[in-house]
Amino acid sequence: MNYNEILAAARECIGPYCKACPVCNGRACGNAMPGPGCKYPGNVAARNFDKWQEICVNMDTLCPNAEPDVSFELFGRKFTAPIFAAPLGALDMHYGPKYKDQQYNAILIKAAYEYGVMALTGDGVDPDIMKSSVVDMVKYNGIGCPTIKPWNKEFVFEKLDILNENNIFAAAMDVDGAGLPFLKAMNPNAGSKSVEEMREIINYAKMPFIVKGIMTPAGALKAVEAGADAIVVSNHGGRVQGSTPSTAEVLPSIVEAVKGKTVILVDGGIRSGVDVFRALALGADAVLIGRPILNMIYGGGEEGFKVYMDKIVGELKSTMTMCGAATLKDISRDKIWLGK
């Protein structure tokens, strides 16, 4: 199956909220909740997509003719590309009944590992979601990154015990989920985390720890202070808090503030290899992609994941060739044009 055939197949089994659009630009879903939308005014996903498109790339083909190298090293492991699968949750409610979270994650973890990248998986009120992800990751040398909600500290430690015992590659927390109602109803210390609480959680983990949901330089510096091995610039908390800027808009100031003190990943609206190039040129080390991968898995399972990755990696390599970047390190700020 090719990309368009898989997308067409996805439309037959996804929804009714997600439309498996030809381009996942956030317009058809808007503020549809349940669904892939976000809180009023429902423009967070669309703004993410649009702002990447405003960045132009600078062509330069007066350079040595070489096959671009897109391999990427994270926490001492070499990956095929700087493109990882973002965590998604409550799939049957938001995207259609074909998959429960556990079934989707099992396909995603295997497909990502076999491609040479990594899946970040979601969390939920059902403890089995994370536990089943761990079981699947263990089958593939522990490669994966369960993303834990900002539950109360004691519950977070229980989850980290499972990851520690099974030598999972990395752990994450999506701190931008702090406003979720089921967290607000939990006591004590569920939801937002102080730097001290975050440091205690990170120190408890025996693997690299990623803090996801950073949208300001101040937030990035607090994550660094807490000891984060990586941060994810992400506004998916926009599902609970609308009217946020795009990740493309805030990324440069966060990169400037952090100054190489931690790894920076970016999530939100990245839909092509050109977008990946733009993100790396703005200073990100790697990217996360969620909903387009979900569409491909709904339409084609493991094959869908491979077809999508081949597409986006091919686009990244083509852009690197046309812009004179032989390696990821060559994708510098001067490779893009931001306008006036």
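Whatever comes next refers back to the structure up there.
Here the residue index of a chain counts from 1 through its sequence in written order. Side-chain atom pairs in this predicted model are given and counted only at pLDDT of 80 or more, local residue features only at pLDDT of at least 70, and totals for whole chains, interfaces and linings cover all residues. With hydrogens and water excluded, all non-hydrogen atoms of the structure serve as input to the side-chain values.

A.B. asks: Looking at this structure, I do not really get the packing of aromatic side chains. What am I missing?
C.D. replies: Note on aromatic pairs: the rings of Phe, Tyr and Trp (six-membered ring only in Trp) are paired at centre separations within 6.5 Å, and the planes decide the class, stacked below 30 degrees, edge-to-face beyond 60, tilted for the rest. Evaluation of the coordinates by the stated rule reveals 11 aromatic pairs. Considering the side-chain rings of Y115 and F305, the 6.3 Å spacing of their centres and the 80° angle between planes classify their relative orientation as edge-to-face. Highlighted residues: Y115 in helix α4 (residues 101–115) and F305 in helix α12 (residues 291–322), separated in sequence by 190 residues. F305 matches Y115 in its accessibility class, with the two residues each being buried. In textbook terms, an aromatic cluster arises when at least three aromatic residues are bridged by ring pairs, as seen for F72, F75, F79, F84 and F169. Here R77 stacks its cationic end above the ring of F79, 5.9 Å away from the centre of that ring. Whether a charge sits over a ring depends on NZ of Lys or CZ of Arg being within 6 Å of the ring centre and within 35 degrees of the ring normal. Directly above the aromatic system of Y3 lies the positively charged group of K311, at a separation of 4.9 Å from the ring centroid. Only runs of H or I of at least four residues qualify as helices and only runs of E of at least two qualify as strands under DSSP, and these elements are numbered from the N terminus. Note on classification: 1.4 Å probe, protein chains only; a residue is buried when its accessible area is under 20% of the maximum for its type, exposed when over 50%, partly exposed between these limits.

A.B. asks: Please clarify how the pairing of strand β7 (residues 171–174) should be interpreted in this entry.
C.D. replies: Two faces make up the sheet, and in a regular strand the side chains alternate between them. Here β7 shows no split at all, with A171 and M173 on one side and A172 and D174 on the other all buried. Across two bridges, the pairing between strand β6 (residues 145–148) and β7 is parallel. Bridge pairing in β7 links I148 to M173. The β-α-β motif built from β6, the intervening helix α6 (residues 153–165) and the parallel element β7 has right-handed crossover chirality. We call two strands paired when DSSP finds no fewer than two bridges between them. Summarising the sheet, β7 and strand β8 (residues 209–214) pair through four bridges and their orientation is parallel. Residue pairing across strands places D174 opposite K212, the latter belonging to β8. Classification remark: right-handed applies to a crossover when, strands pointing away from the viewer, the course from the first strand over the helix to the second runs clockwise.

A.B. asks: For this particular structure, what's the right way to read the pattern of salt bridges?
C.D. replies: Oppositely charged side chains are able to pair whenever their charged atoms sit close together. Salt bridge, as used here, is a side-chain nitrogen of Lys or Arg placed within 4 Å of a carboxyl oxygen of Asp or Glu. Summed over the entire model, instances satisfying the criterion amount to 18 salt bridges. With a shortest N-O distance of 3.0 Å, K110 and E302 are connected by a salt bridge. On the criterion of sequence distance, the pair formed by K110 in helix α4 and E302 in helix α12 is long-range, its members being 192 residues apart. When its relative accessible area of 33% is taken as the criterion, E302 is described as partly exposed. Note that K153 and E200 form a salt bridge whose closest N and O atoms lie 3.0 Å from each other. Within this pair, whereas K153 is found in helix α6, its partner E200 is found in helix α8 (residues 195–204), the two being separated by 47 residues in sequence. Judged by relative accessible area, which is 17%, K153 ranks as buried. The partly exposed category is assigned to E200, whose relative accessible area is 36%. Overlapping salt bridges bring together R47, K51, E54 and E249 as one network.

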